Each structure stands twice: as structure tokens, then as C-alpha cells.
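# A structural walkthrough
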Amino acid sequence: MNISVLIPAFNEEKKIGEVVRKLKAQGYGDVVVIDDGSEDKTGIVAEKEGAKALYHVINRGQGAALKTGIKYCLRNGADIIVTFDADDQHSPEEISKLVEPIINGETEICIGSRFLKNTTNAPFVRRLFLRGGALLLSRMYKLNLTDSHNGLRAISKSAAEKINLTADRMEHASEILEQISKKNISYKEIPVTIRYTEYSLNHGQKSWDAFRILYRMLFRRLIR
Ligand SMILES: Nc1nc2c(ncn2[C@@H]2O[C@H](COP(=O)(O)OP(=O)(O)OP(=O)(O)O)[C@@H](O)[C@H]2O)c(=O)[nH]1
Ligand SMILES: [Mg+2]
């Protein structure tokens, strides 16, 4: 089985090198970084560590970066695509837990969950928003999920071919779930650790961004 690790990245030059190095040390030779119009050296640092870097000329968002990356990985013969964050919040050792059920033919997608076994040190407010989001999306799409916005997933080739992302920014996470539901793609949640560090909290999404994501998500539903 060819496993590709796909990392959407925006201005992550401080962490991306270490992340690629750790993935390579775990034996993942195929690491693809989408440098999404970063203003820093994200792509160059990733390439130095042996990753393949693809570049968007302007910042188009995490959804658009995943779309570019999934297309590239499929073209290059990936059987499983693992999506992984660039900010060092995920653990490369846990990828095997996500790909195993796909290799066994048990399921088409494995979704990481930080809440299934409470494997996170997320701050209280972030926890509240994330749990609320998972509850809302589970209801909307008739799924059974504890974590709907986890960047760590393993997607089989068959599922990747069925999923068509149209949301460029963070709303893609709900779009993936919508398509899992509508296209009857089999899924399984797997407990994974998500580390919140000073870097990730200062650098990443703010809790209030959840409102913007929700608004965009609902607006997209309305205009369709
Ligand atoms: N390609 C691309 N990647 C992005 C963009 N914004 C964030 N990312 C990447 O997406 C990953 C997750 O982004 P975060 O902002 O940390 O979001 P998050 O992990 O869902 O939120 P936290 O719970 O706060 O960590 C990281 O690898 C970022 O570099 C973007 O505009 N384009
Ligand atoms: Mg993050």
C-alpha cells in the first residue's frame, strides 16, 4: 500500500522542518506539503527535509490546499492519503492506527478524534466550540462523531475519488462530513492526541473563528 502524507501549510517555516523530519523517521517516505501562498520559507524548508512541496501563488485556504494535494497524491499512485497538520500538534506514531482499518478493508475513511478518549490538552473554550461543532454536524449529517474538525485523517483512494471539495477555506471539514453522509462512505473515528502548545495557540485558529466558519458553512448551504 502506498501511503502519502499530505500537509496543508500556511506560514509554518518554524515547525514544518521538524514535522517532515519526524514523519520521515517513522518511515513515511511520501510527504507532500502544500505551501499555500506563505509569506515565509515554508515550502523551501519542507523541501530541504525531503518533502515534495507544491505551491499556491496566493493564499487560497486549507480546503483548496487539500484539493490540490489529494489530486496530486492520487495521480502519483497513493492508496491511502493521510492529512496531517504542519504545526506539530499531531503525532506521526499515531498514523498507523488510522491506516490499519483501511488496509484491513474495514472502512474507507478514518477520522482522528481528540475527544473519544480525551487525548488533548485543549483549553476550555476551544473544547467547548469543538464539541459543539461535532454535535451540530453529527446532527446535520446523521453521523456519529465526537470530533468534526480534526486535521488528522486517513482517506482511502476509493473515498478520495468520491470526495469533491468545493469549499476553499476551513468549511471543507464540514464538507467532507457532508459527502461522507451523502455518498455513504464508510468511516471510523480513532482516538488521537492533539497537543496545544504556545506556538499552536498563537499561530492557529482563534476560537471565535468558529462563528465565521459556521456562517460560511450555512451560507453555502443556502445558496446551493
Ligand atoms: N494550505 C493552507 N493551510 C492552512 C491555512 N491556514 C491554516 N493552514 C494549515 O492547516 C493546519 C491547521 O491549521 P490551524 O490554524 O492550526 O487550525 P486547527 O489545527 O484546526 O486549529 P487549532 O485547534 O487551533 O490548532 C496547519 O498545518 C496550518 O498551517 C491556509 O490558509 N492554507
Ligand atoms: Mg492547529
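Provided above is the structure to which this section pertains.
Residues numbered from 1 in each chain as written. Chains lettered and ligands numbered in written order. Predicted model: local features only at pLDDT ≥ 70, side-chain atom pairs only at ≥ 80, totals over all residues.

## Considerations on the overall build of the protein chain
Threshold: Only runs of H or I of at least four residues qualify as helices and only runs of E of at least two qualify as strands under DSSP, and these elements are numbered from the N terminus. C-alpha atoms define the radius of gyration, and 2.2 Å times the number of residues to the power 0.38 defines the globule rule. In this scheme the burial state of a residue depends on its C-beta neighbours within 10 Å: 20 or more other such atoms mean buried, 12 or fewer mean exposed, and anything in between means partly exposed; the C-beta positions come from the backbone.
Looking only at helices and strands, the protein chain has 9 helices and 7 strands in total. In terms of overall size, the protein chain behaves like a compact globule, its C-alpha atoms giving a radius of gyration of 16 Å where 224 residues would be expected to give roughly 17 Å. Taken along the three principal axes of its C-alpha coordinates, the protein chain extends 45 × 40 × 35 Å. For the protein chain, with 224 residues in total, the buried portion stands at 43%.

## Side note on the site of ligand 1
Our working definition: The criterion for a residue being near a molecule or strand is simple: its C-beta atom, placed using the backbone, must lie within 6 Å of it. Under the grouping applied here, Gly and all other residues not named as nonpolar or charged are polar, the nonpolar ones being Ala, Val, Leu, Ile, Met, Phe, Trp, Tyr, Cys and Pro and the charged ones Asp, Glu, Lys and Arg.
The immediate surroundings of ligand 1 are formed by 19 residues, with Phe-10, Asp-36, Ala-65, Ala-86 and Gly-204 found nearest. Going through the elements one at a time, strand 1 (3-9), strand 2 (30-36) and helix 3 (62-75) are the ones with two or more residues in the shell around ligand 1. Residues of the shell around ligand 1, tallied by class, amount to 6 nonpolar, 9 polar and 4 charged.

## What about the sheet that holds strand 2?
Selection criterion: Pairs of strands are assigned from DSSP output, requiring at least two bridges between the strands. What counts as an axis is a line fitted to C-alpha atoms, over the stretch in contact for a helix, and the angles between N-to-C directions run from 0 to 180 degrees. By the criterion used throughout, residues are in contact when their C-beta atoms, derived from the backbone, lie within 7 Å.
Spatially, 3-2-1-4-6-5-7 is the arrangement adopted by the 7 strands of the open sheet, whose pairing is mixed. Each of the sheet's edge strands pairs with one partner strand only, and the pair in question is strand 3 (52-56) and strand 7 (187-191). Averaged over all pairs of adjacent strands, the angle between their axes in this sheet comes to 20 degrees, without regard to strand direction. Here strand 1 pairs with strand 2 via 6 bridges, running parallel. When the bridges of strand 2 are listed, Leu-6 appears paired with Val-32. Helix 4 (residues 95-103) rests against strand 1, strand 4 (80-83), strand 5 (109-113), strand 6 (153-156) and strand 7 of the sheet, and its axis sits at about 150 degrees to strand 4.

## Overview of the nonpolar core
Heads up, the rule is: The nonpolar core is taken to be a set of buried Ala, Val, Leu, Ile, Met, Phe, Trp, Tyr and Cys residues joined by way of C-beta atoms within 7 Å.
If you look at the biggest cluster of nonpolar residues, it comprises 57 residues, and the most contacted ones within it are Leu-6, Ile-7, Val-33 and Val-82. Residues in contact with Ile-7, not counting those within four places in the same chain, are Val-19, Val-31, Val-32, Val-33, Ile-34, Phe-84 and Ala-86.

## Some thoughts on the environment of Gln-62
Note on placement: Gln-62 falls in helix 3. It is 19 Å that separates the C-alpha atoms of Gln-62 and Lys-162, two residues lying 100 residues apart in sequence.

## Considerations on the pairing of strand 1
Burial analysis of strand 1 places 7 of its 7 residues in the buried class, the great majority of the element. Bridge analysis of strand 1 against strand 4 gives 4 bridges, and the strand direction is parallel. Following the sheet pairing, Val-5 is matched in strand 4 by Val-82.

## Digging into unusual backbone geometry
One non-glycine residue, Asn-11, adopts positive backbone phi at about 50 degrees. Mapped onto the fold, Asn-11 is located in the loop between strand 1 and helix 1 (16-25). Classification of Asn-11 as partly exposed rests on a count of 17 C-beta atoms within 10 Å. Phi at Asn-118 takes a positive value of approximately 50 degrees, unusual for a residue other than glycine. Turning to its location among the elements, Asn-118 is positioned in the loop between strand 5 and helix 5 (124-141).

## Here we look at the pairing of strand 3
For clarity, the threshold we go by: Whether a crossover is right-handed depends on one test, that the path from the first strand over the helix to the second runs clockwise when the strands point away from the viewer.
Of the strand pairs in this sheet, strand 2 and strand 3 are connected by 5 bridges, and their pairing is parallel. Looking at the pairing, Asp-35 lines up with Tyr-55 of strand 3. Running through helix 2 (residues 42-48), the crossover from strand 2 to the neighbouring parallel element strand 3 is right-handed.

## Observations regarding helix 3
Note the cut-off: Given a helix with a known number of residues, its expected span is that number minus one, times 1.5 Å.
Between the first and last C-alpha of helix 3 there are 20 Å, a value that for 14 residues agrees with the 20 Å anticipated at 1.5 Å per step. In terms of burial, helix 3 is largely enclosed, as 10 of its 14 residues are buried. Among the residues making up helix 3, those that are buried are Gln-62, Gly-63, Ala-64, Ala-65, Leu-66, Lys-67, Thr-68, Gly-69, Ile-70 and Cys-73. Its buried side turned inward, helix 3 meets strand 1, strand 2, strand 3, strand 4, helix 6 (157-162) and helix 7 (172-182).

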